[in-house]
Structure formats: C-alpha cells, structure tokens
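Close look at the chain arrangement
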Amino acid sequence: MEAPLYTLNPLNTLNEFRAELNLPPSRNLISSAVFMTKSELAHLSAYPRDSLVRCNTPSHTNKSPPASRELEKQNCHLWITNLPPQCTVHALLEGIRNTGPVSACEVITPMSAWGKAAASLTFFTAEGANRFLAQIALRPFTVQDHIASVSRHRIHVDSTIVNGKSRVLRIVGHPSIVNPMYLTWYFSECCPLKIDTDFMEFLEGEGGNEVTWAFGSFRGQAQVVYSRVNHDWFGLAKAMYLADPCVVTDRGSGERTVTRSVAKSHEGGGTPHVVVKAVN
C-alpha cells in the first residue's frame, strides 16, 4: 500500500541520492529527474516515473490529439527553410502556382555566404496553404536547385476573407506617374516603405500607361500603395487589385511580350526589372 502523499518528501529523497553521488542539492525535482535512474524514480510514487520522463522528452515525439491536428490544418502560416542564400521573393513565389492567394511573404537571408535562407509564407486562406502542402507532398518544392523544407509555422494565423484583396495591383494613369521608375522612386523615397517586388509589368499607351505591380505582401505593401495612389493622385492615376498569379498555373493574358527580364526583389533602392508589353 502506498504511503499518503503528505508523508512523502521526494525532493529530500532526491537530494540524499545526489549527496551519495557527491552532487549538490537541487531545488527542482523535475529538472533533476534526468539524473536519476528508473529504479530511483520508481520510489517516488507521488510523482509517477512516466510523467517525469515525459517532461524532459521533446514534444514532437508525442502524437498530437485529433483536435490539435484539426486546428493545425487551419493555420495559413508556413515556414520554409533550406533556401538558396541569395533567395528573393520573386524566386520563391514564381514556383508557387495553383494554390491560393498569398497574403504575406518575407525572405530572411543568412548572415554568411554559405548559410541558407528561410522564408515566412502566409496564405489568405487555410485552403491555399493546404493545397500547397499537398503539392509538395507529391513533388518537392525546389527553389534554384535547392530542395526546400516546408512546415507549419509555430505562430498560428487564421484565414481571412479575401473580398477582392490581393498583393497584386494594376495602376493606370498619367505617364508621368504611371511608370516603373517614378513609382519605385516615390514609394521608396517620398513615402518610404519596405517593398519586396515579386514582378512588375509595364504597358505603354497613348491615353495613359499601365503598370502591374506584384508585391511580396498585401498588408504594409500592396494595401498601402493602393491607398496612396488613389488618394494622392486622385484624377491622375488609379489603383485596383488583380488576381494573385499563385492561384492559377499560368498568368498569360494573350498580350505580346516585347522585352522581358527577370523581376528582382526591391527593398527601398533601385528600380526593379520589368516586363514591357505592347498591345496586339
């Protein structure tokens, strides 16, 4: 028959055992349990052996309950590692198609040239994130010959209503405003923003120009530019949201490409490369 709980003093028992090993006394029973053998732990009936061992075991070895797994499926936030050191938002996002609209994408580059980059990727909906994970379960996600590792981010993000919002803008208006050089200068110098450009497409026209600007993120980038264009240049330029190319496999629109170059990630300096188009 086990002794009542109030008659036990497991910490004293532990410290007596530590004294025999010429170890100093401990104030924490659980953290000290790792120094005890299973036979010593078995004597501490008030604190079952399995519970103590489990406290010092990484949580990933335990299967999560069904409720936790279901909650995990609702997480729109992903964490991507093993990316090339010089990875850009464009290099990352151009390989994501037929999934769902991306809400935010941030690439973290390594401190050293031989390190690996990582990225935080958030979809507007859990459906988009789950579709992407289903794709890479069948075919590894590769960025510039690097096979990336993708998992759920520890910070949970719930789905948000898209309601026409997008990280991609179509800006039309006066040629002096609606051109890649001026827009990039304005939002990096006059209205300083940390902007990550996925790609920029420029279409010149007689009555006005058109720029399609795909950002890395909706909030803090596309959303701000959308508001400032429609407010600061009311009557001269207009911004509207376009569908995210990550939703579809091919974003071709039947227009004839005149010149093309790879878009670069832009972070407050220089002009991103653009795709110049002419109407058929």
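Residues numbered from 1 in each chain as written. Predicted model: local features only at pLDDT ≥ 70, side-chain atom pairs only at ≥ 80, totals over all residues. Heavy atoms only, no water.

Brief notes about the overall build of the chain
If you tally the helices and strands in the chain, you get 9 helices and 12 strands. Residue burial in the chain is summarised as follows: out of 280 residues, 39% are buried. Contacts spanning at least 24 positions in sequence make up 67% of the contacts within the chain whose residues lie at least 6 apart. Here the chain has roughly 16,400 Å² of accessible surface; of this, 55% comes from carbon and sulfur atoms. (Helix = DSSP H or I, 4+ residues; strand = E, 2+ residues; numbered from the N terminus. Buried < 20%, exposed > 50% of the residue type's maximum accessible area, 1.4 Å probe, protein only. Contact = heavy atoms within 4.5 Å. Areas by Shrake-Rupley, 256 points an atom, 1.4 Å probe, with all protein chains shown as cover.)

Looking at the pattern of salt bridges
Tallied over the full model, the rule gives 6 salt bridges. In this structure, Glu-127 engages Arg-131 in a salt bridge whose closest nitrogen and oxygen atoms are separated by 2.7 Å. Within this pair, Glu-127 and its partner Arg-131 are both found in helix 7 (residues 126-138), separated by 4 residues, close to a single helical turn. Since its relative accessible area comes to 53%, Glu-127 is described here as exposed. With a shortest N-O distance of 3.1 Å, Arg-167 and Asp-198 are connected by a salt bridge. Of this pair, Arg-167 sits in the loop between strand 6 (149-152) and strand 7 (168-173) while Asp-198 sits in strand 8 (residues 197-203); the two residues are 31 residues apart in sequence, bridging distant segments of the chain. By the burial criterion, Arg-167 is buried, and Asp-198 matches it. Residues participating in the shared-partner salt-bridge network are Arg-167, Asp-198 and Asp-244. (Salt bridge = Lys/Arg side-chain N within 4 Å of Asp/Glu carboxyl O.)

Thoughts on the nonpolar core
Ile-80, Leu-83, Leu-92, Leu-121, Phe-132 and Phe-141 are the most contacted members of the largest nonpolar core, which has 25 residues in total. Of all the secondary structure elements, the ones that give two or more residues to this core are strand 1 (77-83), helix 6 (89-93), strand 2 (102-108), strand 3 (117-123) and helix 7. Those residues in contact with Leu-121 that lie beyond four places of it in its chain are Cys-76, His-77, Leu-78, Ile-80, Leu-93, Ile-96, Val-102, Ala-104, Cys-105 and Phe-132. Residues Val-178, Leu-183, Ala-237 and Ala-239 belong to the second largest nonpolar core, which totals 23 residues. (Core = buried A, V, L, I, M, F, W, Y, C linked by side-chain atoms within 4.5 Å.)

Structural notes on the sheet that holds strand 2
An order of 2-3-1-6 is seen for the 4 strands of this open sheet, with the pairing classed as antiparallel. A strand with exactly one partner marks an edge of an open sheet, and here the two such strands are strand 2 and strand 6. Taking the axes of each pair of neighbouring strands and ignoring which way they run, one obtains an average angle of 20° across the sheet. With 6 bridges connecting them, strand 2 and strand 3 associate as antiparallel partners. For Val-102, the partnering residue across the bridge sits in strand 3 and is Phe-123. Those strands touched by helix 7 are strand 1, strand 3 and strand 6, and its axis lies near 145° from that of strand 6. (Pairing = 2+ DSSP bridges. Axes fitted to C-alpha atoms, helices over the stretch in contact; angles between N-to-C directions.)

Looking at the packing of aromatic side chains
All told, the structure shown has 13 aromatic pairs when counted by the stated rule. Ring centres of Phe-124 and Phe-218 lie 5.7 Å apart, and the angle between their planes is 55°; this geometry places the pair in the tilted category. Remark: Phe-218 occurs in helix 9 (residues 218-232) and Phe-124 occurs in the loop between strand 3 and helix 7; sequence separation between them is 94 residues. Note on accessibility: Phe-124 and Phe-218 belong to one class, buried. For the ring pair Phe-187 and Trp-213, a centre distance of 6.2 Å and an interplane angle of 65° mean the geometry is edge-to-face. Linking Phe-187 in helix 8 (residues 180-190) with Trp-213 in strand 9 (residues 209-215), this pair joins segments that are 26 residues apart in sequence. The burial state of Phe-187 is the same as that of Trp-213; both residues are buried. (Phe/Tyr/Trp six-rings, centres within 6.5 Å; stacked < 30°, edge-to-face > 60°.)

Remarks on the pairing of strand 1
Examined bridge by bridge, strand 1 and strand 3 share 5 bridges and lie antiparallel to one another. Pairing of Ile-80 across the sheet is with Ala-119, part of strand 3. Sheet analysis places strand 1 next to strand 6, joined by 4 bridges and oriented antiparallel. Bridge assignment links Trp-79 to a residue of strand 6, and that residue is Ser-151.

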